[in-house]
Amino acid sequence: MSAGPAAPEGAPLIIAIDGPAAAGKGTLARRLAAHLGLPYLDTGLLYRATGRLVLDTGADPRDPAAAEAAALALAPADLDRPGLRTPEAALAASAVAAVPAVRAALLAFQRNFGRQRGAVLDGRDIGTVVFPDAQVKLFITASPEARARRRWLELQAAGTAVDLAQVEAETRQRDAQDAARAVAPMKPAPDAVLLDTTALDAEAVFAAALAQLRARQG
Ligand code: DC
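A brief structural summary.

### Observations concerning helix 4 (residues 87-96)
Right, on to step 1. Of all ten residues that make up helix 4, eight are buried, and the element is covered over most of its length.
Right, on to step 2. By the burial criterion, the buried members of helix 4 are Pro-87, Ala-89, Ala-90, Ala-92, Ala-93, Ser-94, Ala-95 and Val-96.
Right, on to step 3. On the buried face of helix 4, the contacting elements are helix 2 (44-57), helix 3 (64-73), helix 5 (100-117), helix 7 (144-157) and helix 8 (164-180).

This is the structure:
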């Protein structure tokens, strides 16, 4: 695992986990956080909750003014509401995430969360923008087919009946949008370690990440 460019000596440990949808970021991040005793933040939830708030008002999540107003109005309870894991919320999240003022409004919360006791954060721009000086950066990928299948299985387990082909199309659409936006696009930090989880189960991904962490800590 590569060193970040400039984490001050003695700074709390930040582990940045980025990558496209359903690559296994959340499972890995939660597990690493529990193992290391660090707080965990699913930053996608901030964008999903913002997108949900815009949908509630009947506005278009691509509307910059509506999206910014929702991000500024976001309250902690909004992160606990049901319906944030639906495909509709995911697409709304990706739309509001392309609005620069939304990203600016959510940045301070993410940085404050990590600065207190250190943290594991997963998202799209943690290693590039939120914590460019994170000591540990991983970029998790998998083939689009494998990722769509995982998301489809998750949705099935949650009782949401959806078509696999539709999940794959939406996943590809979201990834393209997240990678192409002008501000904080999804991309690996130059010093991130890439991990392809297509052929790995959660246990193997965790083992690979721990091996990187140990190598990093000498
Ligand atoms: O990780 P997720 O699938 O819950 O994220 C939902 C959307 O939020 C994703 O398509 C793009 C956006 N997002 C982002 O732009 N930056 C982040 N750090 C996390 C999520």
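### Some remarks on the environment of Leu-107
Right, on to step 1. Relative to the helices and strands, Leu-107 is located in helix 5.
Right, on to step 2. Leu-107 has contacts with Val-129 and Val-130, leaving out every residue within four places of it along the chain.

### Points about the pattern of salt bridges
Right, on to step 1. Summed over all chains, the structure comprises 13 salt bridges.
Right, on to step 2. Asp-191 is paired through a salt bridge with Lys-137; the nearest N and O atoms lie 3.0 Å apart. Residue Asp-191 is located in the loop between helix 8 and strand 5 (193-196), and its partner Lys-137 is located in strand 4 (residues 136-141); the two are separated by 54 residues in the primary sequence.
Right, on to step 3. Accessibility expressed as a relative area gives 17% for Asp-191, which makes it buried.

### Brief notes about the nonpolar core
Within soluble globular proteins, side chains that are nonpolar tend to cluster in buried spots.
Right, on to step 1. Ranked by size, the top nonpolar core spans 19 residues in total, and within it Ile-15, Ile-17, Leu-28, Leu-32, Val-120, Leu-138 and Ile-140 carry the most contacts.
Right, on to step 2. Ranked by the residues each element gives to this core, the list is headed by helix 9 (residues 202-217), at five residues.
Right, on to step 3. Tyr-47, Ala-70, Ala-71 and Val-96 belong to the second-largest nonpolar core, a separate cluster that totals 18 residues.

### A closer look at the pairing of strand 5
Right, on to step 1. Residues Val-193 and Leu-195 point to one face of strand 5 and are all buried, whereas Leu-194 and Asp-196, pointing to the other face, are not buried.
Right, on to step 2. In the sheet, strand 4 pairs with strand 5 via four bridges, with the strands oriented parallel. In the sheet register, Ile-140 faces strand 5, and the bridge partner there is Leu-195.

### A short note on the environment of Asp-163
Right, on to step 1. Locating Asp-163 in the fold gives a position in the loop between helix 7 and helix 8.
Right, on to step 2. Residue classification places Asp-163 among the partly exposed positions, given a relative accessible area of 45%.
Right, on to step 3. Taking the C-alpha atoms as reference points, Asp-163 and Glu-145, 18 residues apart in sequence, are found 13 Å from one another.

### Looking at the environment of Leu-91
Right, on to step 1. Within the secondary structure layout, Leu-91 lies in helix 4.
Right, on to step 2. Judged by relative accessible area, Leu-91 falls into the partly exposed class, the value being 24%.
Right, on to step 3. Expressed as a C-alpha distance, the spacing of Leu-91 and Phe-139, which sit 48 residues apart in the sequence, is 21 Å.
Right, on to step 4. With residues up to four places along the chain from it excluded, the contact list for Leu-91 reads Glu-170, Gln-173, Arg-174 and Gln-177.

### Regarding unusual backbone geometry
Right, on to step 1. The phi dihedral of Ala-22 falls on the positive side, at around 60°, and the residue is not glycine.
Right, on to step 2. Turning to its location among the elements, Ala-22 is positioned in the loop between strand 1 (14-18) and helix 1 (25-36).
Right, on to step 3. Looking at Ala-22, the relative accessible area reads 9%, which means it is buried.
Right, on to step 4. With a phi angle near 50°, Ala-184 is a residue other than glycine that sits in the positive phi range.

### A word on the packing of helix 2 against helix 3
Right, on to step 1. Contact geometry of helix 2 with helix 3 gives a least axis separation of 9 Å together with a crossing angle of 120°. Between helix 2 and helix 3, the interaxial angle falls into the category oblique. Crossing handedness for the pair helix 2 and helix 3: right-handed. Contact residues: helix 2 offers Thr-50, Leu-53 and Val-54, while helix 3 offers Ala-66, Ala-67, Ala-70 and Ala-71.
Right, on to step 2. Taken together, the residues of the contact of helix 2 with helix 3 sort by class into six nonpolar, one polar and no charged.

Basis of the calculations
Residues numbered from 1 in each chain as written. Predicted model: local features only at pLDDT ≥ 70, side-chain atom pairs only at ≥ 80, totals over all residues. Heavy atoms only, no water. Buried < 20%, exposed > 50% of the residue type's maximum accessible area, 1.4 Å probe, protein only. Helix = DSSP H or I, 4+ residues; strand = E, 2+ residues; numbered from the N terminus. Contact = heavy atoms within 4.5 Å. Salt bridge = Lys/Arg side-chain N within 4 Å of Asp/Glu carboxyl O. Core = buried A, V, L, I, M, F, W, Y, C linked by side-chain atoms within 4.5 Å. Pairing = 2+ DSSP bridges. Axes fitted to C-alpha atoms, helices over the stretch in contact; angles between N-to-C directions. Parallel < 35°, antiparallel > 145°, perpendicular 65-115°, else oblique. Left-handed = near helix turned anticlockwise from the far one by under 90°. Nonpolar A, V, L, I, M, F, W, Y, C, P; charged D, E, K, R; others polar.

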